[in-house]
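Breakdown of the fold
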Amino acid sequence: MKIAVVGCGYVFDIYMRTLRAHPELTIIGVFDINSERSRRVGNFYKLRIYGSYEAMLADSEVDAVINLTSIQAHFAVTKQALEAGKHVYSEKPLTKSLNDSAQLFDIAREHCVRLYAAPCNIYSDMIRTIYEAVGSGAIGKPRLIYAELDDNPIHLLDFDRVISPTGAPWPLEEELREGCTYEHLGYHLVWICGLLGPAVAVTAYSSELVESKVSTLPPYLGTPDYSVACLHFRNGESARITCSFVAPRDHRLRVIGDKGELAGDSYRHYRSPVYLEQYTKMSLNARKFQTLRAHPMLGRLFGVGGKRLPLVHNWKSHAVLKDQAQSATFKQRLLEWVRRREIYAQDKFIGIAEMAREIREDKPQFLSPDFLLHVNELTLIVQAAGPGGIATKPTTTFAPLGDIPGTLTSPAGHDASCWVHLALC
Ligand SMILES: NC(=O)c1ccc[n+]([C@@H]2O[C@H](COP(=O)([O-])OP(=O)(O)OC[C@H]3O[C@@H](n4cnc5c(N)ncnc54)[C@H](O)[C@@H]3O)[C@@H](O)[C@H]2O)c1
């Protein structure tokens, strides 16, 4: 599939990290309203630089557009591409209005093209492993999900000094203005709704807890830096998702069932370990002991936290092991290795690879338009909940997703082929 990218900011370089794992995708060219950014990115990655968005959309070689613009621009940029007859993959949230999002899917249908949206972490090995363990009955019937997305008090961390390999500053002000819910809630919604189906009721609260985060912005932005959503599902299950830019980083997720629980460390690490604890009286009682809580290794001797599961792999699992900057210095490669192992390892192109495969094979969208609209609606409800809170029923719903595509049936075999693949690259 031949692709053009609109929006050449910070996240562009994160996408490019794993492109080499997707030889079926060709990035032809780029455009940004900031022509300096188009030029920097185009020259760095040797891509065509379009002089205008219209010129990009008029390029008949382009099959699909990836929309990496600021959230405020998502609707207009996606709309224009769909109307030009291009498939679109948009960063999240799809738009800031459910009507706008629904309109985009209508336009896509009218023009016989497809609209997809991030996040794509449902395709990660961690989530596949959780789905498989739930499907095999390892924890009995799932009843409750706890999902955290505290992402640090970012205003204390000099994020304004962080720059991408092509020189884009991390957009601190933009992230604060849009808030943690728009930026992050979707990462948990996709896998939770994929697992449990559409939410039939939502109770949510959101608030702006910290004033004057940066001197260049007004003291209060009117954007929540904290939100909690409780989702109720058709079969009685419940999920509680917390997002913040206030509490220290905590991305843990837990699926709790009748017989045990599954735990993962971070949505941001596609190979994050998954632990399965099948409850025993000993493991449940051991939690009462403060020494065992304070020393998790000791707790494990009593079954608390359970055992690490082998990860279930997908056809593109190797992507996060690859490093775009092959010719970098030893020091840079070492830092990249540490980052991939310890901090985050995401393949932002996996959603686009799945999109390309579905279009090529004329298959329906796994992350269907109804599913994407539902995730969008939940995000908007939680963002707007406010300190008074809200209890409501979403207006959107979707048919069950079924199995996540791309799973490899033989993890061991995949690892071997993955390493051969790496050695050849
Ligand atoms: N920063 C991250 O770590 C991160 C991670 C995942 C997803 N995202 C998402 O990716 C998107 C972009 O984020 P970012 O961090 O790269 O932001 P950014 O501000 O660094 O980059 C956005 C770019 O879009 C360009 N742009 C804005 N309006 C445009 C328009 N109408 N036409 C063409 N270009 C336009 C801007 O000039 C800018 O270069 C957002 O939706 C964000 O939620 C960001």
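Residues numbered from 1 in each chain as written. Predicted model: local features only at pLDDT ≥ 70, side-chain atom pairs only at ≥ 80, totals over all residues.

Scanning the protein chain from N- to C-terminus turns up 14 helices and 15 strands. In summary, the protein chain has a C-alpha radius of gyration of 21 Å against a globular reference of 22 Å for 425 residues, a match within 12%. Residues counted as buried form 43% of the 425 residues belonging to the protein chain. Restricting to contacts in the protein chain with at least 6 residues of sequence separation, those with at least 24 account for 71%. (Helix = DSSP H or I, 4+ residues; strand = E, 2+ residues; numbered from the N terminus. Rg over C-alpha atoms; globule rule 2.2 N^0.38 Å. Buried ≥ 20, exposed ≤ 12 C-beta atoms within 10 Å, placed from the backbone. Contact = placed C-beta atoms within 7 Å.)

The sheet contact formed by strand S7 (residues 142–150) and strand S11 (residues 253–257) spans 5 bridges and is antiparallel. Considered in S11, the bridge of Tyr 146 is made with Arg 254. Bridge analysis of S7 against strand S10 (residues 238–244) gives 7 bridges, and the strand direction is parallel. Each bridged residue has a counterpart across the sheet, and for Ala 147 the counterpart in S10 is Ile 241. (Pairing = 2+ DSSP bridges.)

In terms of domains, the protein chain is made up of domain 1 (2–121) and domain 2 (122–352). Of note, the centres of domain 1 and domain 2, computed from C-alpha atoms alone, are 26 Å apart. With 29 residues of domain 1 in contact, the opposing surface of domain 2 contributes 32 residues. Looking at the side of domain 1 that touches domain 2, the elements that each hand over two or more residues are helix H1 (10–16) and helix H2 (35–45). Residue contributions to the side of domain 1 that touches domain 2 peak at 6 residues, all from H1. (Domains from an automatic or database assignment.)

Moving on, we come to the site of the ligand. Of all residues adjacent to the ligand, which total 23 residues, the nearest are Gly 7, Gly 9, Val 11, Ala 73 and Glu 91. Of the residues assigned to the shell around the ligand, the class counts are 13 nonpolar, 5 polar and 5 charged. Each of two domains, domain 1 (2–121) and domain 2 (122–352), supplies a minimum of three residues to the shell around the ligand. (Near = placed C-beta within 6 Å. Nonpolar A, V, L, I, M, F, W, Y, C, P; charged D, E, K, R; others polar.)

In this section: unusual backbone geometry. With omega at -15 degrees, the peptide bond leading from Lys 92 into Pro 93 counts as cis. Here Pro 93 is to be found in the loop between strand S5 (87–90) and helix H5 (98–110). The amide bond that connects Ala 118 to the next residue, Pro 119, takes the cis arrangement and shows omega of 0 degrees. Tracing the backbone through its elements, the reader meets Pro 119 in the loop between strand S6 (115–117) and helix H6 (125–135). At Asn 152, a residue that is not glycine, the phi angle is positive and equals roughly 80 degrees. Tracing the backbone shows Asn 152 in the loop between S7 and helix H7 (172–196).

Another point: the sheet that holds strand S3 (residues 48–49). Neighbouring strands of a sheet are bound in pairs by backbone hydrogen bonds; such pairs are parallel or else antiparallel. On the basis of which strands lie adjacent, the open sheet formed by 6 strands has the order S3-S2-S1-S4-S5-S6 and parallel pairing. The sheet is open, and its two edges are formed by S3 and S6, each paired on a single side. Across the sheet, helix H12 (residues 350–360) touches strand S4 (64–67), S5 and S6, and the angle it forms with S5 is around 160 degrees. (Axes fitted to C-alpha atoms, helices over the stretch in contact; angles between N-to-C directions.)

This next bit is on the UniProt feature "domain: Gfo/Idh/MocA-like oxidoreductase N-terminal" (unreviewed entry) in the protein chain. Sequence positions flagged by UniProt for "domain: Gfo/Idh/MocA-like oxidoreductase N-terminal" (unreviewed entry) are, in local numbering, residues 1–116. Annotated as residues 1–116, this span is 41% helix and 20% strand, and its ends, taken at the C-alpha atoms, are 15 Å apart. (UniProt positions renumbered as here; feature names shortened; annotations may be inferred.)

Our focus in this paragraph is the environment of Gly 303. Note that Gly 303 resides in the loop between helix H10 (296–301) and strand S14 (307–309). Sequence separation between Gly 303 and Ser 97 is 206 residues, and the spatial gap between their C-alpha atoms is 46 Å. When sequence neighbours within four positions are dropped, the list of residues in contact with Gly 303 reads Glu 277, Thr 280, Met 282, Ser 283 and Ala 286.

This paragraph deals with the pairing of S4. Here S4 shows a buried face lined by Ala 64 and Ile 66 and a second buried face lined by Val 65 and Asn 67. Pairing geometry for strand S1 (residues 2–6) and S4, over 4 bridges, is parallel. The partner of Val 5 across the bridge, within S4, is Ile 66. Bridging between S4 and S5 involves 4 bridges; their strand directions are parallel. Bridge assignment links Ile 66 to a residue of S5, and that residue is Tyr 89. Running through helix H4 (residues 74–83), the crossover from S4 to the neighbouring parallel element S5 is right-handed. (Right-handed = clockwise from strand over helix to strand, strands pointing away.)

Let us look at the sheet that holds strand S15 (residues 390–392). The sheet built from 9 strands is open, its strands ordered S14-S13-S12-S11-S7-S10-S9-S8-S15 with mixed pairing. Each edge of the open sheet carries a strand with a single partner, namely S14 and S15. Pairwise comparison of adjacent strand axes, ignoring direction, gives a mean angle of 15 degrees for this sheet. Relative to strand S13 (residues 274–278), strand S12 (residues 260–264) runs antiparallel, the two being bridged by 5 bridges. Bridge pairing in S13 places Gly 264 opposite Val 274.

Next up on the list: the nonpolar core. Core analysis: the largest hydrophobic core is formed by 102 residues, its most contacted members being Val 5, Val 6 and Ile 192. Here this core takes 12 residues from H7, the largest share from any one element. Other than its neighbours up to four places away in sequence, Val 6 contacts Phe 31, Tyr 53, Met 56, Val 65, Asn 67, Leu 68, Thr 69 and Val 77. (Core = buried A, V, L, I, M, F, W, Y, C linked by C-beta atoms within 7 Å.)

Quick look at H6 now. Counting buried positions along H6 gives 8 out of 11 residues, so the element sits mostly inside the fold. For H6, the set of buried residues is Asp 125, Met 126, Ile 127, Arg 128, Thr 129, Ile 130, Tyr 131 and Ala 133. Buried residues along H6 sit in contact with H7, S11, S12, S13 and S14. Just downstream of H6 lies Gly 137, where phi reads positive at about 85 degrees.

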